[in-house]
Amino acid sequence: MRMLTILAAGCAAALMCAGCARSAPPAFDGASAFVFLREQCDMGPRYPGSPGHAAIQRYLVEKLAAFGARVSEQPFEAVLSTGDTLRLVNVVGAYRPEARKRILLGAHYDTRPRADRDPDPAKRAQPILGANDGASGVAVLLEIARLLAASPPSVGVDLVFFDGEDWGEEGNTMDYLLGSRRYAKSLGLRRPAAMILVDMVGERDSRMPIEGFSAAASPALCARIYGIARTLRLPNFVQSQGASIIDDHLPFIQAGIPAIDLIDFEYPYWHTLADTPDKCSSESLAAVGSVLVRYLWEER
Ligand SMILES: [Zn+2]
């Protein structure tokens, strides 16, 4: 009887471990993510109104559908400080849409319409390719979508691709963050338990200190994410506070949602024509992606 009990307990343990194995974090593939980065850059600049902008909207919808997400689009007209309007679309891929506890991962997919930081003044009116500033965050989210399709974690996940992040002129914050502001306003009762933004995460040898607004508003979430990075021994995550950056996480902080921004703002090619795929690496994408995957699959 005693032996039987032990055997039964052994079986139960084995079954539980089988369950554990199914929900273990999958491996984030940096090379796969880098393909998604290149595919976006192959579309050319992707600012609102450009052919690349229309192309990436179709691409996101197709990829998310292929990766088993429930896909929705949020079209809207943003009224700019000039009084002009801009037609924009947020794209959302939902996993376990019935789950009440949800984690929102966000990235902007639009690219800047002008290279206003280019060292050559003659080039500053040209649109940028946005390999790091645009494509890198989207690439990380699409690779996570591919993994979610295979074995979703127990929490619901919303991958939100924001439009109109980078439209504004420098010095006029009104015309930035257009998609994230619209999305945060429309949340209603579908408030996520946490929001994590990835932006400019693809630079070779990326270094991401804890962003200032994130540290002030969401210390527990910062500690959790940077704690995972420490466990994984990732030098890309710098374990001290850095600059405060106006980015798509702010509308969520203002809505009272724990929200953080993973960003490497020390990027010499920021808002220049040299923001191209050769400045980025699969290893940097994998560093961020591995932490996010571990976080999602550990959440209950
Ligand atoms: Zn930018």
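Nothing here was measured: the structure is a model prediction, and the numbers come from that model.

## Some thoughts on the overall build of the protein
Item 1. Each helix and strand counted, the protein has nine helices and eight strands in total.
Item 2. A compact globule built from 300 residues should have a C-alpha radius of gyration of about 19 Å, and the protein, at 20 Å, falls within 12% of that.
Item 3. Its C-alpha atoms give the protein principal-axis dimensions of roughly 85 × 35 × 35 Å.
Item 4. With 300 residues in all, the protein has 53% of them scored as buried.
Item 5. In the protein, the proportion of contacts linking residues at least 24 apart, taken out of those at least 6 apart, comes to 78%.

## Remarks on unusual backbone geometry
Item 1. With a phi close to 55°, Leu 177 is a non-glycine residue in the positive phi region.
Item 2. In this structure, Leu 177 sits in the loop between β4 (156–162) and α5 (178–185).
Item 3. The residue Asp 205 is not glycine, and still its phi comes out positive at about 50°.
Item 4. Residue Asp 205 is classed as exposed on the basis of its relative accessible area, which comes to 62%.

## Focus on the pairing of strand β3 (residues 102–108)
Item 1. By the criterion of burial, β3 is predominantly enclosed, with seven of the seven residues buried.
Item 2. Side chains Arg 102, Leu 104, Gly 106 and His 108 project from β3 onto one buried face, and the interleaved Ile 103, Leu 105 and Ala 107 project onto a second face that is buried too.
Item 3. In the sheet, β3 pairs with β4 via seven bridges, with the strands oriented parallel. From the neighbouring strand, Leu 105 faces β4, where its bridge partner is Leu 159.
Item 4. As for the winding sense of the linkage, the β-α-β connection from β3 through helix α4 (residues 131–150) to β4 is right-handed.
Item 5. Pairing of β3 with strand β5 (residues 194–199), which is carried by four bridges, proceeds in the parallel orientation. Looking at β5, one finds that Gly 106 is bridged to Leu 197.

## Things to note about the coordination of the zinc ion
Item 1. Protein coordination of the zinc ion is provided by Asp 133 (OD), Asp 166 (OD) and His 271 (NE2), with donor distances spanning 1.9 to 2.2 Å.
Item 2. Of note, the zinc ion draws all its donor residues from one chain, in the sequence arrangement D-x32-D-x104-H. One end of the pair, Asp 133, is in helix α4; the other, Asp 166, is in the loop between β4 and α5, and 33 residues separate them in sequence.
Item 3. Note on Asp 166: relative accessible area 2%, which makes it buried.

## A short note on helix α2 (residues 30–41)
Item 1. Counted at 1.5 Å a residue, the expected span for α2 with its 12 residues is 16 Å, and the 17 Å between its end C-alpha atoms agrees.
Item 2. Taken as a whole, α2 has its buried residues at Gly 30, Ser 32, Ala 33, Phe 34, Phe 36, Leu 37, Gln 40 and Cys 41.
Item 3. Among the structural elements, α3 (51–66), α4 and α9 (282–298) are those in contact with the buried residues of α2.
Item 4. The opening residue of α2, the one whose side-chain oxygen lies 3.0 Å from the backbone nitrogen of Ala 31, is Asp 29.

## Re the packing of aromatic side chains
Given two aromatic rings, their pairing is described by the distance between the two centres and the angle made by the two planes.
Item 1. All told, the structure shown has seven aromatic pairs when counted by the stated rule.
Item 2. With 5.9 Å between their ring centres and 45° between their planes, Phe 162 and Phe 252 make a pair best called tilted. Of the two residues, Phe 162 is situated in strand β4 and Phe 252 in helix α8 (residues 250–254); the sequence distance between them amounts to 90 residues.
Item 3. The buried category is assigned to Phe 162, whose relative accessible area is 0%.
Item 4. For Phe 252, a relative accessible area of 0% puts it in the buried group.
Item 5. Each ring, one from Tyr 267 and one from Tyr 269, has its centre 5.5 Å from the other, and the planes form 75°; the classification is edge-to-face.

## Here's the deal with the sheet that holds β3
Item 1. Pairing in this open sheet of six strands is mixed, and the strands run β1-β2-β4-β3-β5-β8 from one edge to the other. Looking at strand neighbours, the two that pair on one side only are β1 (70–79) and β8 (259–263), the edges of this open sheet. Here the strands of the sheet are splayed against their neighbours by 20° on average, with no regard to which way each runs.
Item 2. Of the pairings in the sheet, the one linking strand β2 (residues 85–95) to β4 comprises five bridges and is antiparallel in character. Bridge assignment links Val 92 to a residue of β4, and that residue is Val 160.
Item 3. Sitting on the sheet, α9 touches β3, β4, β5 and β8, and the angle it makes with β5 is about 170°.

## Focus on the pairing of β5
For a regular strand, side-chain orientation follows a simple rule: the groups alternate between the two sheet faces.
Item 1. Among the six residues of β5, six are classified as buried, and the element is accordingly described as predominantly covered.
Item 2. Every second residue of β5 is oriented toward a common face, with Ala 194, Ile 196 and Val 198 on one face and Met 195, Leu 197 and Asp 199 on the other, all of them buried.
Item 3. Summarising the sheet, β5 and β8 pair through five bridges and their orientation is parallel. Directly across from Asp 199, in β8, lies its bridge partner Ile 263.

Reading the values: rules and limits
- Residues numbered from 1 in each chain as written.
- Predicted model: local features only at pLDDT ≥ 70, side-chain atom pairs only at ≥ 80, totals over all residues.
- Heavy atoms only, no water.
- Helix = DSSP H or I, 4+ residues; strand = E, 2+ residues; numbered from the N terminus.
- Rg over C-alpha atoms; globule rule 2.2 N^0.38 Å.
- Buried < 20%, exposed > 50% of the residue type's maximum accessible area, 1.4 Å probe, protein only.
- Contact = heavy atoms within 4.5 Å.
- Pairing = 2+ DSSP bridges.
- Right-handed = clockwise from strand over helix to strand, strands pointing away.
- Donors = N, O, S within 2.8 Å, 3.2 Å for Na, K, Ca; no water.
- Expected span 1.5 Å × (residues − 1).
- Polar contact = N/O pair within 3.5 Å; in protein donor to acceptor, adjacent residues only side chain to side chain.
- Phe/Tyr/Trp six-rings, centres within 6.5 Å; stacked < 30°, edge-to-face > 60°.
- Axes fitted to C-alpha atoms, helices over the stretch in contact; angles between N-to-C directions.

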